[in-house]
Every structure is written in C-alpha cells, then in structure tokens.
Amino acid sequence: MDEKEKVNPCIIVIFGATGDLTWRKLIPALYNLYLDNWMPEKFTILGLGRRDISELQFRKTLLDGVNQFSRSGAADKKQWASFAKNIMYQKGEVHEKGTYDAVNKKIAQIEKAWKVEADHVFYMAVTPDFFETIARKLYQAGLGRDKQRDKIVIEKPFGRDLDSARKLNKLLHSMYDECQIYRIDHYLGKETVQNILAFRFGNLLFEPLWNRNFIDHVQITVSEQLGIENRGNYYETAGALRDMIQNHILQLMCLIAMEPPVSFEANEVRNRKVDVINAIRRIAENEVHNISVRGQYKEGWIEGKKVKGYRQEADVKPNSRIETFAAVKLFIENWRWHDVPFYLRTGKRMKETTSAITIQFKDVPHRLFPSKASGSWPPNRLIMNIQPHMGITLSFQAKRPGLEMVLDPVDMDFDYKETYTTGTPEAYETLLLDTMQGDSTLFMRADQVEAAWAVMMPIIKVWENNPPVNFPNYTAGTQGPEDAEALIARDGHNWL
Ligand code: BG6
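Residues numbered from 1 in each chain as written. Predicted model: local features only at pLDDT ≥ 70, side-chain atom pairs only at ≥ 80, totals over all residues. Heavy atoms only, no water.

Participant: Which parts of the structure should I look at to understand the site of the ligand?
Facilitator: Around the ligand sit Lys 156, His 186, Tyr 187, Lys 190, Glu 224, Arg 231, Asp 243, Met 244, His 248, Lys 348 and Gln 387, and that is every residue in its neighbourhood. Separating an oxygen atom of the ligand from a side-chain N or O atom of Asp 243 is a distance of 2.6 Å. Summarising the interface, the protein chains cover 78% of the accessible area of the ligand, which totals 400 Å² for the free molecule. The biggest single contributor to the shell around the ligand is helix 9 (residues 240–257), with 3 residues. (Near = heavy atom within 4 Å. Polar contact = N/O pair within 3.5 Å; in protein donor to acceptor, adjacent residues only side chain to side chain. Areas by Shrake-Rupley, 256 points an atom, 1.4 Å probe, with all protein chains shown as cover. Helix = DSSP H or I, 4+ residues; strand = E, 2+ residues; numbered from the N terminus.)

Participant: What's the story with the sheet that holds strand 16 (residues 391–399) in this structure? I'm lost.
Facilitator: In any sheet, the strands associate via hydrogen bonds between backbone groups, in a parallel or an antiparallel arrangement. Taken together, the 8 strands give an open sheet; going across it, the order is 8-12-13-7-14-15-16-17, and neighbouring strands pair in mixed fashion. At either end of the open sheet lies a strand with only one pairing partner, and these are strand 8 (292–295) and strand 17 (407–415). Strand-to-strand twist across the sheet, computed as the mean angle between neighbouring axes with direction ignored, equals 15 degrees. Across 6 bridges, the pairing between strand 12 (residues 325–330) and strand 13 (residues 342–347) is antiparallel. Counted as the bridge partner of Lys 329 is Tyr 343 from strand 13. Strands strand 7 (215–223), strand 12, strand 13, strand 14 (354–361) and strand 15 (381–387) of the sheet are contacted by helix 9, whose axis makes an angle of about 140 degrees with strand 13. The strands touched by helix 16 (residues 482–489) within the sheet are strand 7, strand 8, strand 12 and strand 13, with strand 8 carrying the most contacts at an inclination of about 165 degrees. (Pairing = 2+ DSSP bridges. Axes fitted to C-alpha atoms, helices over the stretch in contact; angles between N-to-C directions. Contact = heavy atoms within 4.5 Å.)

Participant: Which parts of the structure should I look at to understand the side chain of Gln 296?
Facilitator: Relative to the assigned elements, Gln 296 resides in the loop between strand 8 and strand 9 (297–298). With relative accessibility at 0%, the residue Gln 296 sits in the buried group. Within polar-contact distance, the side chain of Gln 296 engages the backbone oxygen of Ser 320 at 2.9 Å. Ignoring any residue separated from it by four or fewer positions in sequence, one finds Gln 296 in contact with Tyr 310, Arg 311, Ser 320, Arg 321, Ile 322, Thr 324, Phe 471, Pro 472, Asn 473 and Tyr 474. (Buried < 20%, exposed > 50% of the residue type's maximum accessible area, 1.4 Å probe, protein only.)

Participant: I tried to follow the pairing of strand 7 on my own but got confused; where do I start?
Facilitator: Of all 9 residues in strand 7, 8 are buried; the element is thus mostly enclosed. Where strand 7 meets strand 14, 8 bridges bridge the pair, whose relative direction is antiparallel. Its bridge partner lying in strand 14, Ser 223 is registered against Thr 354. In this sheet, strand 13 lies alongside strand 7 in parallel orientation, the contact comprising 6 bridges. The residue of strand 13 that forms the bridge with Ile 220 is Leu 344.

Participant: Mind showing me how you'd approach the packing of aromatic side chains here?
Facilitator: Think of a pair of aromatic rings as described by two things: how far the centres are apart, and how the planes are tilted against each other in angle. Following the criterion strictly, the structure yields 24 aromatic pairs and no others. Judged by centre distance (6.4 Å) and plane angle (80 degrees), the ring pair of Tyr 234 and Tyr 235 falls under edge-to-face. For Tyr 234, a relative accessible area of 19% translates into the label buried. One aromatic cluster in this structure is built from Tyr 234, Tyr 235, Tyr 297, Tyr 310, Phe 325 and Tyr 474. (Phe/Tyr/Trp six-rings, centres within 6.5 Å; stacked < 30°, edge-to-face > 60°.)

Participant: Help me out: how do you make sense of the sheet that holds strand 5 (residues 150–154) in this one?
Facilitator: The strand order across the open sheet formed by 6 strands is 3-2-1-4-5-6, and the pairing between neighbours is parallel. Edge positions in the open sheet fall to strand 3 (87–91) and strand 6 (181–183), since each of these has one partner strand only. Across this sheet, the average inter-strand angle for adjacent strands is 20 degrees, counted without regard to direction. Where strand 1 (residues 10–15) and strand 4 (residues 119–124) come together, 6 bridges link them in parallel fashion.

Participant: Teacher, can you tell me more about the pattern of salt bridges here?
Facilitator: It is possible for side chains of opposite charge to pair when their charged atoms get near one another. Applying the stated criterion across every chain yields a total of 30 salt bridges. Between Glu 259 and Arg 336 there is a salt bridge, and its shortest N-O distance comes to 2.8 Å. On the criterion of sequence distance, the pair formed by Glu 259 in the loop between helix 9 and helix 10 (266–279) and Arg 336 in the loop between strand 12 and strand 13 is long-range, its members being 77 residues apart. Under the relative-accessibility criterion, Glu 259 is labelled partly exposed at 33%. For Arg 336, a relative accessible area of 12% corresponds to the buried category. A salt bridge links Glu 268 to Arg 272; the nearest nitrogen and oxygen atoms lie 2.9 Å apart. Taken together, the positions of Glu 268 and Arg 272, both in helix 10 and 4 residues apart, correspond to about one turn of that helix. (Salt bridge = Lys/Arg side-chain N within 4 Å of Asp/Glu carboxyl O.)

Participant: Honestly, the environment of Gly 309 in this entry has me stumped. Any pointers?
Facilitator: Position of Gly 309 relative to the elements: it lies in the loop between strand 11 (305–307) and strand 12. Take Gly 309: its relative accessible area is 1%, and that puts it in the buried class. Excluding anything up to four places from it in sequence, Gly 309 contacts Tyr 297, Lys 298 and Glu 299.

Participant: Would you mind showing me how to read the environment of His 248 here?
Facilitator: By secondary structure assignment, the location of His 248 is in helix 9. We classify His 248 as buried; its relative accessible area is 1%. Along the backbone, His 248 and Ser 355 are 107 residues apart, and their C-alpha atoms lie at a distance of 11 Å. Beyond its immediate sequence surroundings of up to four residues, His 248 is in contact with Lys 156, Asp 185, His 186, Tyr 187 and Asp 243.

The following block contains the structure:
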C-alpha cells in the first residue's frame, strides 16, 4: 500500500493556537503536508486559545503566518481556502473543565459527520507550566484514553532538571501509555539530522573507521546570530545548557556515536541512543570547571547592526547570571569511543549562524612526504553541515598539479541544494506526519530525556552554586568567550 494512504482521519487539537509556534511552525507545516498530499482525506485542526477571536480572524492570522514562513512561499488562494475550511477555533482557558467538554463535543460532532472514529492528536504548543494541567484535564474529560488512536504531543523543555522531568514523566505515565506520548526535539526532524543515520548505516565506507582507532575527536557546534528574541521570561529560567545542549546537541551526539541499530524500528533506534547517553562518563562536580565553559553576551555588532547585550534584553534581570553560551567536553565510556573527546558548544549572538558536526580523524601513522611537500598536512576531516548550509564535506590530501610533489588539502562536497531540486520539508512537517502515522522514532522517550538530564545535572548544580563573576564575558558578534578556546586548546585542538 502507498504510504500516503496510511494516515487515518485525524483531529488535531492545538493548545496554544494563538501562540507563536502555531503561527510560525505548526500551521505552515500542516499546510505544506496538505499541498504535498500527505494529510488524511478527512482532517480537522481545532485551535484552542485564550483570545476572543472568531474562526475567520483565526484563519486570517494563520494565513499571515503561512505567507511569511511557509517554505513554499505565499499561499495559493484556492489551496489555502480548501485547507482552511478544516480549521476551527475554540476560545478556552486550559484550567477550565468547560474547555475540555467543548473539545469533547466538537470531536463527537466531527466524527458523527464523518461517520468514522478519527485519530486524535493533542498538541501542547504552550509554555511548560501548562503541560501538567492540560494532561490531567484532558484525561479527566475522558480524552486521550485510546492507546491506539490518541496521541499527546509535548514541546520542549521537558522539565528543567532531572527531578522535574521525572515528575512529569510519572504524571504522564499515570494516565497515558508511553507509546502515546510524543516529546518533541525538533532537531530530530531536520533532514540533515535524519541523514546522519542514512550516512552512517547506509554506507559501508565509514563505519569501519568510525571509532577510537581512527577518530581523534568530534566537535558539535550550534551557533546562532539571533539573540533571545522576545523570550526573556523563558530564557531567564533556562540558559544555553538547558535550552540547547541537554536536548538538541546531545541528540546529535547520540546519532554520531550510537551503535548500528538492528532495524529502523522506533524502540530499537531509541535504545541505541539511550545506550550512548548512559555511557557518557559521569562528570564529578570537582571537574566541572575543567570540562565546561559558560558565557553571556554584551552589546556588539552583527552584520553591521548594533545589538543589545543580554542584560539589556526585555524581561531579563539587569544582573542576570544566565548563560547564553555553553561549551562542554564529554567522553563516552565504551569500546568504540573510549578517550575520544566530544566537544559541544552553542551560543546566542555569535558571529555566524551555523550548525555543524566535525569528525576529526587521526593523523596518518607515518609521514612519508617531506614537510616541504606537505605543509601542515592536516588530518582528514568530515564535516556534516546541518544548517543553514546543508551538506557533507570530506577533506583529504591531494597532489597539487605540477611537476613537483606538493600536497594540499582539498574538499569533496555533497550539497543538498545542488543535488536535489525537490524542496526540503521542515522539521515540523516530518514530526507532525510521524505523529499522525504513529511513528515515534524521532521523538524523545521518557528514559532518554531523564538520562540526558542526569548527564547535565553536575554542571547545572556547580554552575548554580558558583555564580559567574565575569559576566558578560563575550561581545555579541564574536565566537564566544575566550575560555571556550582554552577548553579545547588544552587538548591541542581548536574549534573548526
Ligand atoms: C529551540 C531553542 O529549541 O531551538 C531556541 O529554544 C533556539 O533558543 C532554537 O533558537 C534553534 O532552532 P533552529 O531550528 O533555528 O536551529
């Protein structure tokens, strides 16, 4: 059967429907799925929000979002009209029982009209303080109880430390089955991130080299020119370690370091990823300062524009100690990776926006060319560019054309844009379709989230107990604090 036929009739209930995520990401993603013929024949998007607006106004705002953010550009009038007739709006407070009764009623009406029992996706596009309430109230209203047909989608952050993540998992498990819970880490939906598995396990070439015998170290960088936008309230409770490293960057590390799964089945893939996190060498509190660096940006210039310092951003305390940059060195204690450092770093208001994974191979065992011929002779390097440039580059030594034997490093490049003419789906398209299809491979399982928090806890604790004395310590528009250079330079490397 064609995969496109497999999605059951579906009602998608979005909590936080008038919020930014719905407008920027969810609706453009659903609209593109619709354009590409992935949506089920029968579907309804039921938006729930606190604003007193009509269905018409709601649809109009969503259309604005699509026009601005959809990867396929401004919406075609006809297509939008036929998509938008499936969108409904319901005003409601998340803590009021009446809201859930109304949802129940709407679902019943829709299914009666369709003459089928539909699947239901309950999407929490809200701030984390509402997760618990919505989960409870849904259940009390008799919603979300069908283990096959009902799914609960939860945005990040999932907890703000190990205890709160455990508590939330426990609460969810008291009502819902793990297989119904879809914890989003949107990085896992990115094409280039999914391609890591294809690259590693769809090819013979690299796997024999993919270990401590050939790889010197791994670097994962996610740097952003953007600041915290309008998210001061959230960011003041998070910081770079919680916001990026505990989730997105650790997940990238898992994909690089995991053992080959036996199949592409959701739990098998996730088991192999959890194995990696569980094998990360536990960080003793007294070594935290040796393996981690934090930073906060002060005002500076990015691409010719002056930008504020973090402490001057809206909803940020004037003496805030929250880090907007974090770098960490981790080791994985297993046969494959023993003693191979993984350097992870992320920062806001950096010089460039770029996410990349660099696999630095070891030096050749014997340098047979004279140094005159080979210059610095850099070891082989494989760079997986996640975004905005999407591709893979392998650098190696080649003979420079000419009568003398001179070696130069050259690049072999795979570039998505040059290779494929078809558009690349947004992460949320993949993740929403997977949710509707009931495929949780790209979602975070309860034990994965908890294991990731467990790795980060010693750093979180030490950082909280020892407030930084030198913040702000990097200028917006630079590569982050100098200490981050020292972190990697101590091992004889530099950030690539
Ligand atoms: C989010 C973080 O999860 O990811 C943001 O909360 C960050 O702070 C964003 O900017 C980065 O996502 P992307 O897809 O733009 O790399």
